[in-house]
Amino acid sequence: MSGITALLIYIVWTLVLALSYATYRLPLVLTGKKTANHWERGQSVDDPAILVRAKAAHLNCLENLPLFAALVLVAAATGQSETVNAVAGVLIAARIGQSLVHLIGTSFALVFIRASLFLVQVGLMLYLAFALI
């Protein structure tokens, strides 16, 4: 998989996660059941648990998307795209896997799996950063 393709998949996945909880909330606002500012940060949330986890998974994606995008850009700008291409599929699989595990639940085993998939991503991005120097 190319780094550019992986980046596009990452972006689409991040948007899908955002829409997963936004599409639940929008009808509540439009029908007057909730106010638009009902979900301000720092307030307790009364969304179903899976939507709370979807938002957290979305925010997790947002934390690392710029880093991955920067690595893809550096690789493209320096003619080293093959370095990213070699690990892009694994990185995206780990990213989507982490999000899916996050959506499933928060048991100890699931959190351990989620953390392991996160560490795979971080490890691969560190590998890329040093390989691209």
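Just above sits the structure.
Read on for an overview of the structure. Just so it is clear, the structure is predicted and the values come from calculations on it, not from any experiment. (Residues numbered from 1 in each chain as written. Predicted model: local features only at pLDDT ≥ 70, side-chain atom pairs only at ≥ 80, totals over all residues. Heavy atoms only, no water.)

A full pass over the atoms with the stated rule returns two aromatic pairs. Taking 6.5 Å as the distance between ring centres and 20 degrees as the angle between the ring planes, the aromatic pair formed by Phe108 and Phe112 counts as stacked. One end of the pair is Phe108 and the other is Phe112, both in helix H4 (residues 108-131) and four residues apart, which spans about a single turn. Here Phe112 falls in the exposed class, since its relative accessible area comes to 54%. (Phe/Tyr/Trp six-rings, centres within 6.5 Å; stacked < 30°, edge-to-face > 60°. Helix = DSSP H or I, 4+ residues; strand = E, 2+ residues; numbered from the N terminus. Buried < 20%, exposed > 50% of the residue type's maximum accessible area, 1.4 Å probe, protein only.)

In this section: the environment of Gln80. Along the polypeptide, Gln80 turns up in the loop between helix H2 (49-77) and helix H3 (81-104). Each C-alpha atom, one on Gln80 and one on Leu132, is 7.1 Å from the other, the two residues being 52 residues apart in sequence. A polar side-chain atom of Gln80 sits 3.3 Å from the main-chain carbonyl oxygen of Leu132. (Polar contact = N/O pair within 3.5 Å; in protein donor to acceptor, adjacent residues only side chain to side chain.)

Where helix H1 (residues 3-30) meets H3, the axes come as close as 8 Å, and the angle between the chain directions of the two elements is 15 degrees. In terms of their interaxial angle, H1 and H3 are classed as roughly parallel. Judged by the sense of rotation from one axis to the other, the crossing of H1 with H3 is left-handed. On the side of H1, the interface is formed by Gly3, Ala6, Ile9, Tyr10, Trp13 and Leu17, while H3 contributes Val84, Asn85, Ala88, Leu91, Ile92, Arg95, Ile96, Ser99, Leu100 and Leu103. Tallied by class, residues from the contact of H1 with H3 come to 12 nonpolar, three polar and one charged. (Axes fitted to C-alpha atoms, helices over the stretch in contact; angles between N-to-C directions. Parallel < 35°, antiparallel > 145°, perpendicular 65-115°, else oblique. Left-handed = near helix turned anticlockwise from the far one by under 90°. Contact = heavy atoms within 4.5 Å. Nonpolar A, V, L, I, M, F, W, Y, C, P; charged D, E, K, R; others polar.)

Our next topic: the environment of Thr35. Topologically, Thr35 is positioned in the loop between H1 and H2. A polar contact is formed between the side chain of Thr35 and the side chain of Asn37, at a distance of 2.7 Å.

Before going further, it helps to examine H3. Compared with the 34 Å implied by 1.5 Å per residue over 24 residues, the 34 Å span of H3 between its first and last C-alpha is a close match. In H3, a bend of some 45 degrees at Val87 exceeds every other bend along the element. (Expected span 1.5 Å × (residues − 1). Bend = angle between axes of the 7 residues up to and from the residue.)

So, about the nonpolar core. Membership of the largest hydrophobic core comes to 25 residues, with the highest contact counts inside it found for Tyr10, Leu17, Phe68, Val84 and Leu91. The set of elements that each furnish at least two residues to this core consists of H1, H2, H3 and H4. The element contributing the most residues to this core is H2, with nine residues. (Core = buried A, V, L, I, M, F, W, Y, C linked by side-chain atoms within 4.5 Å.)

This part is about H4. Taking 1.5 Å as the rise per residue, H4 with 24 residues should run 34 Å; its terminal C-alpha atoms sit 34 Å apart, in good agreement. Every buried residue belonging to H4 is among Leu110, Arg114, Gln121, Leu124, Met125 and Leu128, and all of these are buried. Here the buried face of H4 lies against H1, H2 and H3.

Moving on: the pattern of salt bridges. Close approach of charged atoms allows side chains with opposite charge to pair. All chains considered together, the criterion is met by two salt bridges. Between Asp47 and Arg25 there is a salt bridge, with its nearest N and O atoms 2.6 Å apart. Taken together, the positions of Asp47 in the loop between H1 and H2 and Arg25 in helix H1 put the pair 22 residues apart, joining distant regions of the chain. Relative accessible area serves as the criterion here: at 8%, Asp47 is assigned to the buried category. Note that Asp46 and Lys34 form a salt bridge whose closest N and O atoms lie 2.5 Å from each other. Here Asp46 is found in the loop between H1 and H2, whereas its partner Lys34 is found in the loop between H1 and H2, with 12 residues between them in sequence. (Salt bridge = Lys/Arg side-chain N within 4 Å of Asp/Glu carboxyl O.)

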